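Structural features, examined
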Amino acid sequence: MNLLLSDDYLLQDYPEHITNTIRSGHSTCVRFNRRGDYLASGRVDGTVVIWDLETMGVARKLRGHSKNISSLSWSRCGRYLLSACQGWKAILWDLQDGKRYREVRFRAPVYGAELHPWNHHQFAAALFEEQPLLVDVTNEDDVRHVLPSVQKRTNTETDVALKEKQAKEDAKHMTTAIVYTASGDHLLAATTKGRLNIIDAKTREIIYSEKIAAGIITTLRLTESGKEILVNAQDRIIRTFHIPDLSSPDLDPDTIQIPLEHKFQDVVNRLSWNHVAFSSTGEYVAASTYNNHELYIWERGHGSLVRMLEGPKEEQGVIEWHPHKALLAACGLETGRINIWSVTSPQKWSALAPDFVEVEENVEYIEKEDEFDIHPHEEIQKRRLDQEDEDVDVLGVANGDDADGFRMPILYNLGESDSEEEFVNVSLGTLRRKSPGDEGDGEGTGEEKAPPKKPAARGRKKK
Amino acid sequence: MSELDSANGAPLAEPLSKRRRVSDDGVDSSRRRYGSPDDQRDSDSSPDPKSSLRRLSIRQGRPPSRSRSRSRSSGVKEDDEKRKRYRSRSPTSSRSRSRSRTPRSQRSRSRSRSYSRSQSPPSRSRSRSPRSESRSRSRSRSRTRFRSRTRSSSSRRSRRLSPSAPQPPPTAALSGQQGHRAQRKEQPLRPHYRRRLELRGHAAAVSQVRISPDGRWIASASADGTAKIWDANTGAYLNTLVGHMAGVSCLAWGPGSDTLATGSDDKAIRLWDRVTASPAHACGDGGGRGHNRTIAVSRIGSNRSGGTARGGKSGRGPLLGHHNYVYCLAFSPKGNILASGSYDEAVFLWDVRAGRLMRSLPAHSDPVSGIDFCRDGTLVVSCSTDGLIRVWDTSTGQCLRTIVHEDNPPVTNVCFSPNGRFVLAFSLDNSIRLWDYVSGSVKKTYQGHKNSSFSIGGGFGALRDTDAGGGEEKNNTPNNGINDNHKNTRTQAFVVSASEDGDIVLWDVKSKEIVQRISHAHDGVCFWVDVHGSTMVSAGKDAIIKVYRHTTKATGKGKGKGKGKGGRKKEDKARILDGVNGNGLDGHAEESSITPLPAPADDAPQPQAHAKPDEDSPDRVVKEEVEE
C-alpha cells in the first residue's frame, strides 16, 4: 500500500549502509521467508529464532536442536520452517504453535536441507560424507530415498578393475549442496568434485551432470524465477549460470546446456567467499568474504562490482538478500550478531503539507486569474459537493494482494517460553544461568544500537 | 475522567486539555470555543445542575485548548450568525489560548474555578491529585465547569430536539431524497439495522465500543476507568478489565480477537487477554504501579524519549511512554505493532510482543485524535485537531502524505477504507470526508449528522447478500469482516457515524445519501458506532451500549427467527410504515415507542447485561416490535 505514496523505487536497489544490528545468541545462519516479513536465524546452541522485521524483535524461539544450525528453509506459505543442524537431524516446525511438526534423524551431520517449493512435506538434504536424501514426511514415518551423486556409467565395460576403480572414485564423490528448481520437479546438486548434477525428483536419477568448478562447490542459490543459479566454489570464483526450463514437456536430457554467464572473483586480493546470495530480482550478486570484513555486490548485467559494503569490523558468514527489498542480512562470524544493510530514503518535505512542492530551482509564482476571487462560502461548499460525483470503490482489493494466508500468532510471553535453561556468556569463561524474563540485560536479545560512528544509521532508527 | 491528569501528578508543560470535547455542541460551539469565559458563562446560564452531577464523560469537558487553534475551520453549516460572531473574535483568543498560558487564559481559568465550585462539587471530589495540587486542581476544575456546561446544554438540546423537532435539518434533506429511496427500495442490500440488545453496566459514558475482528465480541471503553467485554451475539456480559487509573478513551482489538489494547487518561496503554481479562503479558502487575517504576528503562526507550518511554519490564506492565492522555489506538493487521495517538501530539508505534516503544513520530501540533492502519499494515494514518491528516510509512516512520481540507476543520477521527485506498476523516464541521490520499482530494463528503464538538466514531460497513439473515457471522477475517467478499455475492458498502444528537447515521458510500438513520439511539451524544457485517454496536454518553442487527425487509430472519407469527406480521407492517415515512421517521417512531428497560441503579457495583441470554432475547425483541 505504501508503494502508492513513496517513490522508493527511485532509490538504488542494493543496500547502502548498515541500518540495524539484531542479536539473539550467536547466529550462524539466516533465512527470510517468502513474504519478507520474518527472518529465521539459527544459533550455535541449536535454537532457531524468528525475527519480525517490522519490529526488529523476536517473534518466536524454537528449541529442539542441540547443535549448530546449518540451514533453514521456509515453506511457501510461511507456516513451516525446516531447520537442519550438525547434530544429525532436521526438524520441520509448525509456526502456528511453535511445535515440531516432523523430526527426521540422519546418520550424519546435515550440510543443508531444502523444502520442496510447493510441498512442505518433502525436502532434500545434503549430508556430510553421505549420499543426499530425498525425504517425504507426509506421514509421521518419514520415507527417504537416496539420491545419487554420480551419474550412472553408461559404458558398462567388462574390465573389473576399472569398474572397481570407478566405484571407489564414486564413493568419494559427495553432494555438498542441493536445491530444488522453481517447479520442484528437479533438484540441482553440487558435489565435492565441482560437478553440478540435475536430478529428476520423480525418478531420482541424474539426468545431466557437468563439471562447472575446479574445487568443492559450497553454495548453490537460485533466483526466485529459477532461471539463474549462483554457485560458490572453493576455487575462489563465484559463477552464475542460466538454467533451462527443465519442466518443459519436450525436454531432452541430452540437449541440456547450462551456459556460464559470469565469473565473479577478486583477482587482486585473491579472496575466497564465505557465502553468496542473489538479490531479490537476481540483478545483483552479493558475497561475504573469507578473512575480510566487506561484502561485495556485483551487478549481473555487466558483471561489474558496484559496491563493497563496510560493516562492523567482523568477518561475515551467511548472507541473505531480502525477497523484495534492497536489504541484506549477514551473520557476523565472531559475535553471531545479525547485521542488516539497507537503504534509507530521506524524508520528503513535500509530504509534510499538501501545498509543499520540492523544486530543483527557483520558480516564479504566477498568480492564477481567479486566485483571490471571493465567493460566498456556501457557494464554494456547494460546488465542492457537486464535484464529488466520482465513483469510488472502498471494498475492492486489487488482485494479487494476499493479505490472507498464514499469520503467525503474536506471543506476549517470549520471556516465559524460554523456560529451558539458558546460559549466557557473562565474560570470558564465565557462564551465568539466564533467569527467564530478563531479556533486557541477560541475553541481549533485540535490536542493538548501531555503533555511534554511523550517524546515518542512528538517524534512521530514531525516527 | 478529566481529573485524571491530576492523578498523574506531573504538571505538564502545555495547558492540559480534556477529551473529545473539542468545543461545545451544536449551535453555540464556535462562540464558546473561542469566546471569552464571560460569553461562555452567559450562554450557559441555565445549566441543569442535576445532569452535571451525573457522570463524567471522557469525551467532553474540554477547556479552551489548542485544538481550537484552527479557528476558521469549525462549523461550516451551523448557525451562520453565530459563526460570524465568533469569527470576529476568534483570531486573537484562539491563538493565545491554544499556545500558552497568557494572562488572559489564566484569567479564564481562575474564573472557571469559582464557577465550577459552585456548580459541581462531586466532580471536583473526583480529582485525586496528591501531588501538584494547585495547578492540576485548577485545571481539572475548569474542565469540570466545561463538563457541566456541556452536559446541560446537550441535554437541553436533545430535549428540545426529540419531542418538538423529531427531524433535525439533515432529516429534511433525507425526506427530499425519498424519491430515490423508493426506487431503490427493492435493493436487499440497503442497511436496515434494528435494535436488538441494550447493554448496561458502565458507570460512566462509554467512549468507544468495538466489535472484535471475528465478530463475536464487543469491547467497550468507558470513562469509569474500565473496559468491558460482551458477547456480541447474546449480549452477555463477560468481563471487566480493571487496571487503568483514569477513564479509558480508546481500545483496539488485536487481529486474532484474543487481545485487547486500551488507552487511558492515565497515559498508559494496557494489553489484555480477552479470555482471562488479565494483562496479556504474563505476570502483569495490576494496579498500574507502572508510574513508580523507573528502574526498568528499556534501552530503546531511553534512547528516544529521554528515559520516560519504558515498556515495562519485558513489556509486562502497561505500555508507558506517552506524556499525556492516550486517545486513540490501532493494531496493525498482523497484530505485531500497536499505534497510539495521544494528547502529547505524538504517534507511537509499539512492538507489541516485547511491549517496547519502537518508534515515536512527531506527528501533529495538537492532540492526535484518530489513528488507523491500512489493510496491509504498511501505512498508518493519523489525524489531529490541528486539522491535518497524515499518512505514515510504518516501516520507516516517515510522513508520506499530509492532507488538509481547505477549511481546516479539526479532524477528530480517521480510518482507512476496507481496501486501504481511501481515508475516511471525521471533522468538526459536521462532515465526514472520504479522501483519496494518493491524489490528496476529497472524493465524498457525508453530511447529515451532527458533529461539532466531540470526536465521535464510525467507519465503514459492508453488507453482503448472504448477510441478509443477520445474526451469526461466518467470516472470521479481520477488518470488520468486510474483506472477504466472494465473487458471486453482492457487497454494498456504507459509511456509518455516530451523531451528537444521539442518532446513528448511515450513508451510501457512492451516492452520499443517507440510507438509514437510527434516531435517538442514545440520550445525549452517541460517541461511537462500530459495524461488523450484520452487527452494529453503538455507545454514548448515557453509558449504555446498544447492539443492532441488520435484517432484510423481505424476511425477518436472524434474531427474529424465534418470533411468533403475530410478531412477524406486525413487524412487516412496521416496515411498510417505515417505507412510507423514510427510515429516519421509522427509527424515531420505534425509539419512542419502546418502553425503556429498567435502568440499574447508577451506582450498581456489578455490571450486568440487561440483555437476556439468547433464547430470551427474541421475546424481548418481539415485544419491542409489537409495540411499534
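It should be emphasised that the depicted structure is a prediction, and the values quoted were computed from it without experimental measurement.

1. What about the overall build of chain B?
Broken down by element type, chain B carries 14 helices and 27 strands. Counting all 628 residues of chain B, 69% fall into the buried class. For chain B, contacts bridging at least 24 residues in sequence account for 63% of all contacts bridging at least 6.

2. Regarding the sheet that holds strand E20 (residues 441-447) of chain B
All names here are of chain B. One open sheet accounts for four strands, arranged E17-E18-E19-E20; its pairing is antiparallel. Strands at the two margins of the open sheet, each flanked by one partner only, are strand E17 (411-416) and E20. Looking at each pair of strands side by side, their axes are set apart by 20° on average, direction ignored. Here strand E19 (residues 431-436) pairs with E20 via six bridges, running antiparallel. Its bridge partner being in E20, Ser431 is matched across the sheet by Gln447.

3. Points about the side chain of Asn419 of chain B
Here Asn419 of chain B shows up in the loop between E17 and strand E18 (422-427). Within the local environment of Asn419 of chain B, its side chain forms a polar contact with the backbone oxygen of Asp393 of chain A, the two atoms lying 2.9 Å apart. A polar contact is formed between the side chain of Asn419 of chain B and the backbone nitrogen of Arg421 of chain B, at a distance of 3.0 Å.

4. Regarding the UniProt feature "repeat: WD" (unreviewed entry) in chain A
Residues and elements named next belong to chain A. Residues given the UniProt feature "repeat: WD" (unreviewed entry) here are residues 28-61 and 62-103. End C-alpha to end C-alpha, residues 28-61 measures 15 Å, and it is 0% helix and 62% strand. End-to-end, the C-alpha atoms of residues 62-103 are 13 Å apart, and along that stretch the chain is 0% helix and 57% strand.

5. As for the sheet that holds strand E5 (residues 237-241) of chain B
Residue and element names in this part refer to chain B. In space, the four strands of this open sheet follow the order E2-E3-E4-E5, with antiparallel pairing throughout. The two strands at the open ends of the sheet, each matched to only one other strand, are strand E2 (206-211) and E5. The mean inter-strand angle of the sheet, taken between neighbouring strand axes irrespective of direction, is 20°. Strand direction decides the pairing type here: strand E4 (residues 227-231) and E5, joined by four bridges, are antiparallel. Within E5, the position partnered with Trp230 by the bridge is Tyr237.

6. Here's the deal with a negative patch on the surface
Residues and elements named next belong to chain A. Together, Glu367, Glu369, Asp370 and Asp373 make up a region of like negative charge exposed at the surface. For Asp370, the position within the fold is in the loop between strand E28 (338-342) and helix H2 (377-387). With a relative accessible area of 47%, Asp370 lands in the partly exposed category.

7. Considering the confidence of the model for chain B
Residues and elements named next belong to chain B. Looking at chain B, the pLDDT average stands at 64 and 48% of residues meet or exceed 70. Confidence drops under a pLDDT of 50 for residues 555-628, and excluding neighbours within four residues, the segment shows 115 contacts in the predicted structure. Model confidence for the complex: the whole-complex pTM is 0.71, and ipTM, which rates the interface, is 0.84.

8. A few points about the nonpolar core
Residue and element names in this part refer to chain B. Judged by nonpolar contacts, the single largest core of 33 residues is most densely connected at Tyr193, Ile218, Val496, Ile504, Leu506, Met536 and Ile545. Secondary structure elements with two or more residues in this core: strand E1 (193-199), E2, strand E22 (491-498), strand E23 (504-508), strand E24 (514-518), strand E25 (526-532), strand E26 (535-540) and strand E27 (545-550). Per element, the largest residue contribution to this core is five residues, and it comes from E25. Discounting residues that sit within four places of it in the chain, Ile218 has contacts with Val209, Arg210, Ile211, Lys228, Ile229, Trp230, Ala232, Trp253, Val537 and Val547.

9. Observations regarding a positive patch on the surface
Together, Lys168, Lys172, Lys193 and Lys211 of chain A give the surface a local cluster of positive charge. Within the secondary structure, Lys168 of chain A is located in helix H1 (residues 160-172).

Conventions used here
Per chain, the residues get numbers from 1 upward, laid out in the order the sequence is written. Note on labels: chains are lettered from A, ligands numbered from 1, in written order. With pLDDT at 70 or above as the cut-off, local features in this predicted model cover only qualifying residues; side-chain atom pairs require 80 or more to be listed or tallied, and sums for whole chains, interfaces and linings still use all residues. Side-chain numbers here rest on the full set of heavy atoms in the structure, without hydrogens or water. Helix and strand assignments come from DSSP, with helices taken as H or I runs of at least 4 residues and strands as E runs of at least 2, each series counted from the N terminus. A simple rule labels every residue: compare its accessible area, found with a 1.4 Å probe on the protein chains alone, to the largest value its type can have, and call it buried under 20%, exposed over 50%, or partly exposed in between. The contact rule is simple, with two residues in contact once any of their heavy atoms fall within 4.5 Å. For two strands to count as paired, DSSP must find a minimum of two bridges between them. A fitted line through C-alpha atoms serves as each axis, taken over the contacting stretch for helices, and the angle formed by two N-to-C directions is quoted from 0 to 180°. A 3.5 Å cut-off defines polar contacts: any pair of N or O atoms within that distance qualifies, except that in protein one atom must be a possible hydrogen donor and the other a possible acceptor, and neighbouring residues in sequence count only when both atoms are side-chain atoms. UniProt positions are given in the numbering used here, feature names are shortened, and annotations may be inferred rather than shown by experiment. Like-charged residues are merged into a patch within 9 Å and nonpolar side chains (Val, Leu, Ile, Met, Phe, Trp, Tyr) within 5 Å, provided each residue has over 30% relative accessible area and no salt bridge. All accessibility values rest on the Shrake-Rupley procedure with a 1.4 Å probe; residue burial counts only the protein chains present in the view. Whenever Lys or Arg places a side-chain nitrogen within 4 Å of a carboxyl oxygen from Asp or Glu, that contact is recorded as a salt bridge. None of His or the chain ends enter the tally, which takes Lys and Arg as positive and Asp and Glu as negative. Every charge is mapped to an atom, namely NZ of Lys, CZ of Arg, CG of Asp or CD of Glu. Confidence of the predictor in every single residue is expressed as pLDDT, which spans 0 to 100. Residue types Ala, Val, Leu, Ile, Met, Phe, Trp, Tyr and Cys, when buried and joined through side-chain atoms within 4.5 Å, form a set referred to as a nonpolar core.

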